[in-house]
There are 2 protein chains.
Amino acid sequence: MNNKISTKKLAEVHELFKLLSNPTRIQMLVLLEDHPMNVGQISDELKIEQSAASHQLAMLKKHQLVSNVRDGKSIYYQLDDPHIMDIVNEGLAHSDHVVRGVKHGN
Amino acid sequence: MNNKISTKKLAEVHELFKLLSNPTRIQMLVLLEDHPMNVGQISDELKIEQSAASHQLAMLKKHQLVSNVRDGKSIYYQLDDPHIMDIVNEGLAHSDHVVRGVKHGN
DNA sequence: AATACATATGATATTATTTTCATATGATAT
DNA sequence: ATATCATATGAAAATAATATCATATGTATT
């Protein structure tokens, strides 16, 4: 009997999945899985405005999915929670199945 | 080098995490992890309107996270993808840590 | 076949998220 | 100290998600 989730835990998991439910933020996390990148590199790579990138990165940072460090003029972002990538990668694996049309037992 | 996600896969993972980024839907999945339930039972348990429950269940069904089967007047919903619950449970485990204030290495 | 019960559906209203734009801040170089 | 480059921030505008309400559909009961 696994049901009945505490309100706090529910709010927290809500926050987490909200963060993951945005294509830009997912792409950011996947990019950063390779190596830290600064804001300019990220917005270039994802072809989004500097400001939009900055807003999204701020959200990820606020909820401690990434951290940042300044190097001269630019600010480098990096992953700050390896566990999250397990979840992201499971999500991607699932999506891969769906896209390929692989069905599970009914 | 794990970056560069196909547009389709990105759209799909977006759909998936959107579905999971709603407290009501998470609770539904957790409830159904135990056993199938009909719409009335679900809306009672979660204290939401019949119509709201129905709308949310329709979304979960559309993306094949649940399936349903009629039994007389009522319609029973059940989980239709065990993998998803791995993701949900990882999310919940993470949230549990966050709520308890456990920090990961920085 | 009329009524009641369970669920679904469509339209609208409400609320939340995301983008955009303008501008601010902080660091470096001249 | 001024100019320039990189990033952040606030507010408004644009877009998306959710709840609500009214009603429709499908099944069972009389």
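As a starting point, this report considers the structure included with it. Since the model is a prediction, treat every value here as computed from it, not as a measurement. (Residues numbered from 1 in each chain as written. Chains lettered and ligands numbered in written order. Predicted model: local features only at pLDDT ≥ 70, side-chain atom pairs only at ≥ 80, totals over all residues. Heavy atoms only, no water.)

Let us look at the pattern of salt bridges. Pairing of side chains with opposite charge becomes possible as their charged atoms draw close. Applying the stated rule across the entire model yields 6 salt bridges over all chains. For the salt bridge of Asp96 of chain A with Arg100 of chain A, the shortest nitrogen-to-oxygen distance reads 2.7 Å. Of this pair, Asp96 of chain A and Arg100 of chain A are both found in helix H5 (residues 82-100), 4 residues apart, which corresponds to roughly one turn of the helix. On the basis of relative accessibility, which here comes to 21%, the residue Asp96 of chain A falls in the partly exposed class. For Asp96 of chain A, the salt bridge goes to Lys9 of chain B, with nearest N and O atoms at 3.9 Å. (Salt bridge = Lys/Arg side-chain N within 4 Å of Asp/Glu carboxyl O. Helix = DSSP H or I, 4+ residues; strand = E, 2+ residues; numbered from the N terminus. Buried < 20%, exposed > 50% of the residue type's maximum accessible area, 1.4 Å probe, protein only.)

Once that is clear, we can look at the packing of helix H2 (residues 23-34) of chain A against helix H3 (residues 39-46) of chain A. Residues and elements named next belong to chain A. Following both chains from N to C, one finds H2 and H3 inclined at 120°, their axes separated by 11 Å at the closest point. Classified by the interaxial angle, the pair formed by H2 and H3 is oblique. Considering how the two elements wind past one another, H2 and H3 form a crossing that is right-handed. Across the interface between the two elements, Thr24, Gln27, Met28, Leu31 and Leu32 of H2 pack against Ile42, Glu45 and Leu46 of H3. The residue makeup of the contact of H2 with H3, split by class, is 5 nonpolar, 2 polar and 1 charged. (Axes fitted to C-alpha atoms, helices over the stretch in contact; angles between N-to-C directions. Parallel < 35°, antiparallel > 145°, perpendicular 65-115°, else oblique. Left-handed = near helix turned anticlockwise from the far one by under 90°. Contact = heavy atoms within 4.5 Å. Nonpolar A, V, L, I, M, F, W, Y, C, P; charged D, E, K, R; others polar.)

A separate point is the interface of chain A and chain B. Taken together, the contact between chain A and chain B spans 46 residues of the former and 46 residues of the latter. Summing both partners gives a buried area of about 4,200 Å² for chain A against chain B, and 62% of it is carried by carbon and sulfur. On inspection of chain A and its partner chain B, the count reaches 2 salt bridges. Listing elements by their share of the side of chain A that touches chain B, those giving two or more residues are helix H1 (7-20), H2 and H5 of chain A. Examining the composition of the side of chain A that touches chain B, we find that 14 residues originate from one element, H5 of chain A, more than from any other. Here the side of chain A that touches chain B is composed, by residue class, of 17 nonpolar, 15 polar and 14 charged. (Buried area = accessible area lost by both parts, 1.4 Å probe.)

This part is about the sheet that holds strand S3 (residues 74-79) of chain B. Pairing within the open sheet is antiparallel, and its 3 strands lie in the order S1-S3-S2 (chain B). Each edge of the open sheet carries a strand with a single partner, namely strand S1 (37-38) and strand S2 (66-71) of chain B. (Pairing = 2+ DSSP bridges.)

We note that Lys47 of chain A has phi near 55°; this positive angle belongs to a residue other than glycine. Of note, Lys47 of chain A is situated in the loop between H3 and helix H4 (50-62).

For the structure shown, the criterion picks out 1 aromatic pair over all chains. Seen from their ring centres, Phe17 of chain A and Phe17 of chain B are 6.0 Å apart, and the 25° between their planes marks the pair as stacked. With Phe17 of chain A in helix H1 and Phe17 of chain B in helix H1 (residues 7-20), this residue pair bridges two chains. The exposure class of Phe17 of chain A is buried, given its relative accessible area of 0%. (Phe/Tyr/Trp six-rings, centres within 6.5 Å; stacked < 30°, edge-to-face > 60°.)

Turning to helix H5 (residues 82-100) of chain B, a few remarks are in order. All names here are of chain B. In this model, H5 (19 residues) spans 27 Å end to end at C-alpha, consistent with the 27 Å of a helix rising 1.5 Å per residue. For H5, the set of buried residues is Ile84, Met85, Ile87, Val88, Gly91, Leu92, His94 and Ser95. N-cap assignment for H5: the residue whose side-chain oxygen lies 3.0 Å from the backbone N of His83 is Asp81. Positive backbone phi, at 80°, marks Gly101, one or two positions downstream of H5. (Expected span 1.5 Å × (residues − 1). Polar contact = N/O pair within 3.5 Å; in protein donor to acceptor, adjacent residues only side chain to side chain.)

For the rest of this paragraph, the subject is the protein's contact with DNA strand C. Taken together, 23 residues lie near DNA strand C, and Ser51 and Gln56 of chain A together with Ser54, His55 and Tyr77 of chain B sit nearest. At the protein interface, 62% of the atoms of DNA strand C within 4 Å belong to sugar or phosphate. Here a base nitrogen of DNA strand C and a side-chain polar atom of Ser51 of chain A are 2.7 Å apart. Interatomic distance of 2.9 Å between a side-chain N/O atom of Gln50 of chain B and a base nitrogen of DNA strand C. Secondary-structure elements contributing two or more residues to the surface near DNA strand C are H4 of chain A together with helix H3 (39-46), helix H4 (50-62) and S3 of chain B. A total of 5 residues in the surface near DNA strand C trace back to one element, the largest contributor, which is H4 of chain A. (Near = heavy atom within 4 Å.)

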